[in-house]
Amino acid sequence: MNTELKTIALNDTHIKMGAKMVPFAGYNMPVRYTSDIEEHNTVRNGVGIFDVSHMGEFILEGPDALDLIQRVTSNDASKIVDNQAQYSCLPNEDGGVVDDLLVYRISESKYMLVVNASNIEKDWNWIAKYNTKNVPMTNISDDMSLFAVQGPKATAVLQKLTDTNLSDIKFYRFDHGTFAGAKEVILSATGYTGAGGFEIYVNNKEAQKVFDAIIEAGAEEGIKPIGLGARDTLRMEMGYCLYGNDIDDTTSPLEAGLGWITKFTKEFTNSDNIKKQKEAGTTKRLVAFKMVDKGIPRQGYEIQNEAGEVIGKVTSGTMSPTLGIGIGLGYIDKPFDKSETPIVIAIRNRVLKALVHKLPLV
Amino acid sequence: MNIPETLKYTKDHEWIKVEGTTVTIGITEFAQKELGDIVYVEIETEGEELASGDVFGTVEAVKTVSDLFMPLSGTVDEINEKLEGEPETVNSDPYGDGWMIKMTLSDASQLEGLLSAADYKDIIGE
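Note that the coordinates shown come from a computational prediction; the quantities given were computed from them, not determined experimentally.

Undergrad: Looking at this structure, how should I read the pairing of strand S4 (residues 48–51) of chain A?
TA: Regular strands place side chains that alternate from one sheet face to the opposite one. Residue and element names in this part refer to chain A. The alternating pattern of S4 places Gly48 and Phe50 and Ile49 and Asp51 on opposite faces, both of which are buried. Of the pairings in the sheet, the one linking S4 to strand S10 (residues 144–150) comprises four bridges and is antiparallel in character. In the strand pairing of S10, Gly48 is matched with Gln150.

What follows is the structure, encoded as structure tokens:
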């Protein structure tokens, strides 16, 4: 694997805007501009722009593209129509998950898959392995920038830059066209914050122009650049999975709460075994919890029941800027996974009370 | 970056203010910036006699937990109780109201091993 740190197209722009840059998934990425908490609140209450250009994009084309996607992904991609996106995952053959991803149907014979930056090479090789009908695949990750404009004021800001009526683009739908003077832009009503807004895919050549236009258009609404730190706290408040933390090569999609994107209407990698697991029932489940005692759960901490028996492990944790308390996600043995079950988190030398909570947490 | 000349420093990004045998300890401007928003400071070693290098508490930012190390050997006399309710003071006033502990040195000669403001500036590349 190439260990040299990659840079995104607007690397220098972020540095000029005061970003602290850190290595993430092989890319030098803005983690914070001013304060994680301020940035988090900006997205929850106003509007912020994330540069998440490290994400990977593959184009699959031709009459057999859908067959290949159906073969490797767990959700039923035959159910989406042109200009619709779908959350899905790539199950492996051993019961785990290669990656989670978004499938965009651009046309009947053209799809875009959006994958995690850390898995670009792994996913590419995985899909290629099943590509027995030679579906033309193109990895456009290095040519594309991706800006997530998120928050309750996101639509108002972006509307200034396009004639398309953005309120007509429903959740998980997208539009493909000219935006802020740039051609071939995808405006997708998706996101990883739960705050609403759009994700904008643009070629690197036009990335600066589009980014600058959004910053200028959002001045009135107080738009701010947001780092990966706040992206993580925002997604945790919603209980969204992060690959590498909450799901990985060993976690079952059913145990991860991804049953809703696991459709047995077709065959896919390991579908027989996953179906058997569904029928037999799982023994643990990924759930969210809120701290009752003062303390912050972190990845790897043990989860216990009130009797002090180990019943699970924390996979993600933070201080919720919205709630002002510790929150987390973790796998918990049944029946302790039920909402409102009192649990205990072993935080270093102490044991602190928490409660299993339904999603979202805010 | 603010690195007061009157203080001593460690490579663990702590500052030390010496007043006779009583010293006050906190973390530097650089440290609070690197950590980001500090949301929790836990120090439960009041009254304990600790050796240089021992952990006297932890500081948690949104994303990270960091141990706080004793820069010197001695007894923890006082902890900054204000930080329990207002941990963000460490971000806003790291050299003032954001102090962490006051301690009595076991041996004053230890002070010779600390860094000057100029030495510390070199370490953080200022």
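Undergrad: Where do I start with the pairing of strand S8 (residues 74–79) of chain B in this structure?
TA: All names here are of chain B. Looking at chain direction, strand S5 (residues 49–50) and S8 are connected through two bridges and run antiparallel. Looking at the pairing, Glu49 lines up with Thr75 of S8. Inspection of the sheet shows S8 paired to strand S9 (residues 101–105) by five bridges, in the antiparallel sense. Bridge pairing links Thr75 to Thr104 in S9.

Undergrad: Which parts of the structure should I look at to understand the domain arrangement of chain A?
TA: Many structure descriptions define interface size as the accessible area lost when the parts assemble. Residue and element names in this part refer to chain A. Segmenting chain A into domains produces domain 1 (6–53 + 142–237) and domain 2 (283–362). The straight-line distance from the C-alpha centre of domain 1 to that of domain 2 is 31 Å. In this complex, domain 1 contributes eight residues to the contact, which on the side of domain 2 involves 13 residues. Here domain 1 meets domain 2 over a buried area of about 830 Å², counting both sides, of which 64% is carbon and sulfur. When the buried surface of domain 1 facing domain 2 is broken down by residue, Thr233, Met236 and Glu237 rank first, second and third, together holding 68% of it.

Undergrad: Quick question: what am I supposed to make of the interface of chain B and chain A here?
TA: Listed as interface residues are 17 residues of chain B and, on the opposing side, 19 residues of chain A. Carbon and sulfur atoms supply 42% of the area that chain B and chain A bury against each other, a total of about 1,500 Å² over both sides. Residue Arg350 of chain A pairs with Glu42 of chain B through a salt bridge whose shortest N-O separation is 2.7 Å. Across the chain B-chain A interface, the total number found is 16 residue pairs in polar contact (both at pLDDT 80 or more). Breaking the side of chain B that touches chain A down by element, the ones donating at least two residues are helix H1 (29–35), strand S4 (38–42) and strand S6 (55–61) of chain B. Classifying every residue of the side of chain B that touches chain A gives six nonpolar, three polar and eight charged.

Undergrad: Explanation requested: the packing of aromatic side chains in the structure shown.
TA: Working definition: an aromatic ring pair is given by the centre-to-centre distance plus the angle between the planes. Counted under the stated rule, the structure contains 11 aromatic pairs over all chains. Measuring from ring centre to ring centre gives 4.9 Å for Phe171 of chain A and Tyr172 of chain A, while their planes differ by 80°; the resulting arrangement is edge-to-face. In this structure Phe171 of chain A comes out as exposed when scored by relative accessible area, which is 62%. In this structure an aromatic cluster arises from ring pairing among Tyr104, Phe174 and Tyr201 of chain A. When the ring centre of Phe50 of chain A is taken as reference, the NZ or CZ atom of Arg231 of chain A above it lies at 5.9 Å. The positively charged end of Lys102 of chain B is found above the aromatic ring belonging to Trp99 of chain B, 4.5 Å away from the centroid.

Basis of the calculations
- Every residue gets a number counted from 1 within its own chain, in the order that chain's sequence is written.
- Here the convention is simple: chains get letters from A, ligands get numbers from 1, in the order in which they are written.
- Reporting in this predicted model follows two pLDDT cut-offs: at least 70 for local features of residues, and 80 or more for side-chain atom pairs to be given and counted; totals over whole chains, interfaces and linings ignore these cut-offs and use all residues.
- Hydrogens are left out, water is left out, and the side-chain values use all remaining heavy atoms of the structure.
- Each residue's exposure class comes from its accessible area (1.4 Å probe, protein chains only) as a fraction of the maximum for that residue type: buried when under 20%, exposed when over 50%, partly exposed otherwise.
- Going along the chain from the N terminus, every DSSP run of H or I of four or more residues is numbered as a helix, and every run of E of two or more is numbered as a strand.
- In short, DSSP must find at least two bridges between two strands for them to pair.
- Each domain's limits were defined by an automated method or a database of domain assignments.
- Residue contacts are counted whenever heavy atoms from the two residues lie within 4.5 Å of one another.
- Buried area: the accessible surface (1.4 Å probe) lost by two parts on joining, summed over both.
- Take a side-chain nitrogen of Lys or Arg and a carboxyl oxygen of Asp or Glu: if they are within 4 Å of each other, that pair is a salt bridge.
- Whenever two N or O atoms come within 3.5 Å, that pair is a polar contact, provided that in protein one can donate a hydrogen and the other can accept it, and provided that, for residues adjacent in sequence, both atoms are side-chain atoms.
- Think of it as three bins: nonpolar holds Ala, Val, Leu, Ile, Met, Phe, Trp, Tyr, Cys and Pro, charged holds Asp, Glu, Lys and Arg, and polar takes everything else, Gly as well.
- Only rings of Phe, Tyr and Trp enter the pairing, Trp through its six-membered ring, and a pair is recorded when the two centres are within 6.5 Å. The plane angle decides the type: under 30 degrees is stacked, over 60 is edge-to-face, the rest tilted.
- Throughout this description, the term charge over a ring refers to an Arg CZ or Lys NZ atom that lies within 6 Å of the ring centre and within 35 degrees of the ring normal.

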